[in-house]
Amino acid sequence: SSWWSHVEMGPPDPILGVTEAYKRDTNSKKMNLGVGAYRDDNGKPYVLNCVRKAEAMIASKKMDKEYLPIGGLADFTRASAELALGENSEAFKSGRYVTVQGISGTGSLRIGANFLQRFFKASRDVYLPKPSWGNHTPIFRDAGMQLQAYRYYDPKTCSLDFSGAMDDISKIPEKSIILLHACAHNPTGVDPRQEQWKELAATVKKRNLLVYFDMAYQGFASGDINRDAWAVRYFIEQGINIVLSQSFAKNMGLYGERAGAFTVICSDADEAKRVESQLKILIRPMYSNPPVNGARIASMILNTPDLRKEWLTEVKGMADRIISMRTQLVSNLKKEGSSHNWQHITDQIGMFCFTGLKPEQVERLIKEFSVYMTKDGRISVAGVTSGNVGYLAHAIHQVTK
Amino acid sequence: AYRTDEGQPWVLPVVKKVEQMIANDNSLNHEYLPILGLPEFRANASRIALGDDSPAIKENRVGSVQSLGGTGALRIGAEFLRRWYNGNNNTATPVYVSAPSWENHNSVFMDAGFKDIRTYHYWDAAKRGLDLQGLLNDMEHAPEFSIFILHACAHNPTGTDPTPEQWKQIAAVMKRRSLFPFFDSAYQGFASGSLDKDAWAVRYFVSEGFELFCAQSFSKNFGLYNERVGNLTVVGKDADNVQRVLSQMEKIVRTTWSNPPSQGARIVATTLSSPQLFDEWKGNVKTMADRVLLMRSELRSRLEALGTPGTWNHITEQIGMFSFTGLNPKQVEYMVKEKHIYLMASGRINMCGLTTKNLDYVAKSIHEAVTKIQ
């Protein structure tokens, strides 16, 4: 007999299920709107030019393959911090921060979660927005934390339930941990306006909460890296010492290279050094030290002026295409004669859109039109092209009229 | 890490070649790998460990999880065992680590949640060899179902491996007492120069019907240190068990790193799946192993020629990157302070640090340390 007879089969991944069903479909008009990766207007993966150039530069340097330090490639971590905080940030200039390289967004979140479990003794509770990225909950749970929620998305308006959020957040027990999506909220695409961020910051400060920002879409949301990092920078300016997870999967298209970073804003440089030493102690028994390739590409881009300029243009290009697809989808729905209010599609931002479609409508979209998305009505706008946006509008109109 | 005779890091020629192939292939992109990793990498990596003719592979009862280096493979395995082995979430299952061992073994299993991490006898300082009796005795008295971390070859840090006969005795006790073998294989090929020879112990356990884990690292044998290429090989009783195990490992991977880095896995997969590149790789591996073997024999012969007190056959009998010289802490201090030769307080030296240029100096220094300091 086996040691593993009692091991249950793990539940199938819901998003993977969408892609599997899509692959099996023979309809030539099929659309995969579950994909969480950017696609160009031909529906193809897009390798950024600045990435290709950076790779060529790296190859020509003929570097060795010696282990990176546990905390990662220094040029990368410094550039990541500067990108998030801004070059004029007092926190950045004073050195009162520590940034370690993480395995893209997930790995960075997990390092942070483990760090909080070990060193944030005030609370085990992490408050997530309702809804949040599906993987947030198991990450924090596996790290030994407990999950709570605050109201966020209003399904009636397909937008932010700001009063509900403020109400819930103002009641969060002091010294709890609150997770905020810096921009391009996943899965809803609903972000607070700057005025709303200011009120959130004030409340969070009053409740003395530890703020954990997840920034997976800097640059990718509005097309402007400074605009997308506004909330992160504002909170720090208000004296809130945040912790932050960054991903370069989407904004540099480095998905499989796993480039990410985890940052702790500290009281001073000395505290930062002590925090760094503890982060390394957490990382070493996980995977010893991080993979070089993605970090080196990102570092080359961020630290080479020409490449950085090119990157800013390309990331704006990706964001603009997404925004344009949103606009076209709405105008096509109008053309189809839909009487519904689809404003939320253009109000929302980033890769994902909560359409407001109900499960029965989603099922019809899949069965009758071969348009694949998750049951919650979430679509990846990255899967929409100028070639298929008309078909998508037609299909949505048919199931909602 | 390996060093050439010039004391430099060495990117394997086959790796350079394959990296160029990858760079020139415009059909490749940077999309996410599946959660468990690159399929071609996983299958080839496990095949390397278990052998082309492995009955376990033929019987479709082998699973693989691409991981971040050997450390990542150990961690995923440890996390899985803590959740699913010997009951559900049984953090009390004893985990045995050799005395001494790679110091990170302890931390990996501790951070995975195990509460009872113990040592098993391994290094006999007096006779400078394996304390087999102590080891077997610890296994006899370990609680049933205990987990034992075994070094597949080139034991770190002692360089002392059981002989095949000794492995057979170890396996017999482990089978009788229902102990779980978790192999750490960081030096396959790098130790003896032969992939098959270095995998003998793992394959023997498989042939004896064990269900086991083997954490593989391609850091040293491919020189891919910073790309973090590793693989957790899972051998189970049958395909159904292995499938369920992998589905649960997927969940663990998803909250640790979501999916693994692609560059290193691509290099290894491309190399292992091409007969020419595979041969070229084996040649590169043998180059590294042979240099280390040469340094061992040259150091030993110098010490014996100098008449350095003590016996020095352990230098050539030990295998792999490291050697437990037998120098005591005071002698080590002498080496570091007076001779500027850096080694661990345990007397462990990294054989890769030896070159034809420094052999004489190192031998003389050891001679001085041993004769001047008791």
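Residues numbered from 1 in each chain as written. Chains lettered and ligands numbered in written order. Predicted model: local features only at pLDDT ≥ 70, side-chain atom pairs only at ≥ 80, totals over all residues. Heavy atoms only, no water.

Draft legend 1. Representation of the packing of helix α3 (residues 74-85) of chain A against helix α12 (residues 292-303) of chain A in the model. Residues and elements named next belong to chain A. Where α3 contacts α12, the two axes come as close as 9 Å, and the packing angle between them is 55 degrees. As summarised for this structure, α3 and α12 are arranged oblique, according to the angle between their axes. Read as a crossing pair, α3 and α12 show a hand that is left-handed. Packed against α3, whose contacting residues are Asp75, Phe76, Ala79, Ser80 and Leu83, the element α12 presents Ala295, Ala298, Ser299, Leu302 and Asn303 at the interface. (Axes fitted to C-alpha atoms, helices over the stretch in contact; angles between N-to-C directions. Helix = DSSP H or I, 4+ residues; strand = E, 2+ residues; numbered from the N terminus. Parallel < 35°, antiparallel > 145°, perpendicular 65-115°, else oblique. Left-handed = near helix turned anticlockwise from the far one by under 90°. Contact = heavy atoms within 4.5 Å.)

Draft legend 2. Examining the side chain of Asn332(A) more closely. Residues and elements named next belong to chain A. With respect to the secondary-structure elements, Asn332 resides in helix α13 (residues 305-336). Reaching out from Asn332, the side chain makes a polar contact with the backbone oxygen of Gln328 at a distance of 2.7 Å. Ignoring anything within four residues of it in the chain, the contact list for Asn332 reads Val389, Gly390 and Ala393. (Polar contact = N/O pair within 3.5 Å; in protein donor to acceptor, adjacent residues only side chain to side chain.)

Draft legend 3. Seen up close, the UniProt feature "domain: Aminotransferase class I/classII large" (unreviewed entry) in chain A. Per the UniProt annotation, the sites labelled "domain: Aminotransferase class I/classII large" (unreviewed entry) are residues 29-396 of chain A. Split by type, residues 29-396 of chain A is 47% helix and 15% strand. Its first and last C-alpha atoms lie 14 Å apart. (UniProt positions renumbered as here; feature names shortened; annotations may be inferred.)

Draft legend 4. Spatial organisation of the domain arrangement of chain B. All names here are of chain B. Once the domains are mapped, chain B shows domain 1 (13-273) and domain 2 (290-372). Facing 15 residues of domain 1, the contacting portion of domain 2 comprises 15 residues. Buried surface at the junction of domain 1 and domain 2, summed over both partners, amounts to about 1200 Å²; 64% is from carbon and sulfur atoms. Of all residues in domain 1, Arg128, Pro157 and Phe190 bury the most surface against domain 2, accounting for 41% of the area lost on that side. At the junction of domain 1 and domain 2, the tally comes to zero salt bridges. On the surface where domain 1 and domain 2 come into contact, there are four residue pairs in polar contact (both at pLDDT 80 or more). Residue composition of the side of domain 1 that touches domain 2, grouped by class: seven nonpolar, five polar and three charged. (Domains from an automatic or database assignment. Buried area = accessible area lost by both parts, 1.4 Å probe. Salt bridge = Lys/Arg side-chain N within 4 Å of Asp/Glu carboxyl O. Nonpolar A, V, L, I, M, F, W, Y, C, P; charged D, E, K, R; others polar.)

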